Amino acid sequence: MLKKGTKLYSILTGSCPKCQLETMYVDKNPYQVGQLFKMHERCSHCGLKYKIEPSFFYGAMYVSYGVGIAFGVAAFIIAYVMLETSLVTTFIAIVITLVVFMPVIIRLSRNIWINLFIKYNPEAGTTT
Ligand SMILES: [Zn+2]
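Attention in this report is confined to the structure presented alongside it. Fair warning: this is a prediction, and the values are worked out from it, not measured in the lab.

Moving on, we get to the coordination of the zinc ion. Coordination of the zinc ion by the protein is provided by Cys16 (SG), Cys19 (SG), Cys43 (SG) and Cys46 (SG), with metal-donor distances spanning 2.2 to 2.4 Å. Metal-centred angles of 105 to 115° between the four donor atoms at the zinc ion mark the site as tetrahedral. Read N to C, the donor residues that coordinate the zinc ion are spaced as C-x2-C-x23-C-x2-C. The buried category is assigned to Cys46, whose relative accessible area is 18%.

Have a look at this one:
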């Protein structure tokens with residue numbers, strides 16, 4: 001399912017949306033919170049500039065809203081529907097989920113955001 005060349009691959013791995021040959025981030029692990037927003041300036045394989053324009057990644061905040069809701073709904077289903085906890089416990093579970101997964105949500109949002117604008121090109125990165 002997770003095949004190279006699909007947008008899903010780039011979104012889930014945080015790899016360059018154009019050539020998918022390397023990660024966009026200085027530190028792949030989102031839980032190195034100090035490095036959370038540190039990205040390489042350009043892809044060393046295809047030369048793609050990640051920050052297409054100044055404050056490009058501010059737009060990722062709109063995406064993170066949707067991603068956050070998806071995580072919240074997942075937490076709700078697990079806690080309330082599957083584990084049959086009370087509404088208060090479910091609410092706490094949702095809040096904890098959002099806090100714990102915050103770095104993942106932020107990274108995912110950035111990956112989704114940049115993949116909305118840049119298409120995968122299998123030839124990119126092979127010539128240079
Ligand atoms: Zn690249």
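Mapping Leu12 onto the fold places it in helix α1 (residues 7-13). Residue Leu12 is classed as partly exposed on the basis of its relative accessible area of 48%.

What follows is about unusual backbone geometry. Positive phi values are uncommon outside glycine, yet Gln20 reaches one of about 60°. With respect to the helices and strands, Gln20 occurs in the loop between α1 and α2 (60-82). Relative accessible area serves as the criterion here: at 1%, Gln20 is assigned to the buried category. The backbone of Ser55 shows a phi angle near 50°, a positive value even though the residue is not glycine. With respect to the helices and strands, Ser55 occurs in the loop between α1 and α2. Residue Ser55 is classed as partly exposed on the basis of its relative accessible area, which comes to 38%.

Before going further, it helps to spend a moment on a nonpolar patch on the surface. Judged by side-chain polarity, Tyr65, Ile69, Val73, Phe76, Ile77, Ile78, Tyr80, Val81, Met82, Leu83 and Leu87 come together as a nonpolar surface patch covering roughly 1,100 Å² of accessible area. The greatest single-element share of the nonpolar patch, amounting to nine residues, is contributed by α2. Locating Ile77 in the fold gives a position in helix α2.

A few words now on the packing of aromatic side chains. All told, the structure shown has six aromatic pairs when counted by the stated rule. Taking the centre distance of 5.1 Å and the plane angle of 25° together, the rings of Phe76 and Tyr80 count as stacked. Of this pair, Phe76 and Tyr80 both sit in helix α2, four residues apart, which is roughly one turn of that helix. A residue is classified by how much of its surface remains accessible, and Phe76, at 32% relative accessible area, is partly exposed. Here Tyr80 falls in the partly exposed class, since its relative accessible area comes to 35%. The rings of Phe56, Phe57, Trp113 and Phe117 are connected pair by pair, giving a single aromatic cluster. We note Arg107 situated over the ring of Tyr25; from NZ or CZ to the ring centre the distance is 3.7 Å. For Arg110, the ring lying beneath its charged end belongs to Phe57, and the centroid distance is 4.6 Å.

Reading the values: rules and limits
The residue numbers shown here count from 1 along each chain, following its written sequence. Restriction of local features to residues with pLDDT of at least 70 applies here, the model being predicted, together with a cutoff of 80 or more for giving and counting side-chain atom pairs; totals for whole chains, interfaces and linings are based on all residues. The basis for every side-chain value is the complete set of non-hydrogen atoms in the structure, without hydrogens or water. Water is not among the atoms examined, so metal sites may look incomplete; donors are the N, O and S atoms within 2.8 Å of the metal, or within 3.2 Å for Na, K and Ca. Here a site with four donors is tetrahedral if all angles are between 85 and 135 degrees, and a site with four or six donors is square planar or octahedral if opposite donors are over 155 degrees apart and the other angles are between 65 and 115; anything else gets the irregular label. Here the term buried applies to any residue with accessible area under 20% of the maximum for its type, exposed to any over 50%, and partly exposed to those in between, with areas from a 1.4 Å probe on protein chains only. Helix numbers and strand numbers start at the N terminus; a helix is a DSSP run of H or I with at least 4 residues, a strand a run of E with at least 2. Within this analysis, patches are made of residues with over 30% relative accessible area and no salt bridge. Like charges are joined at 9 Å or less; nonpolar side chains (Val, Leu, Ile, Met, Phe, Trp, Tyr) at 5 Å or less. Here the Shrake-Rupley method, with its probe set to 1.4 Å, supplies the accessible areas, and only the displayed protein chains count as covering residues. We define a salt bridge as a side-chain nitrogen of Lys or Arg found within 4 Å of a carboxyl oxygen belonging to Asp or Glu. Only Phe, Tyr and Trp rings are paired, with Trp represented by its six-membered ring, and only when their centres lie within 6.5 Å; those with planes under 30 degrees apart are stacked, over 60 edge-to-face, the remainder tilted. As a reminder, the over-ring test applies to NZ of lysine and CZ of arginine, requiring each to be within 6 Å of the ring centre and within 35 degrees of the ring normal.

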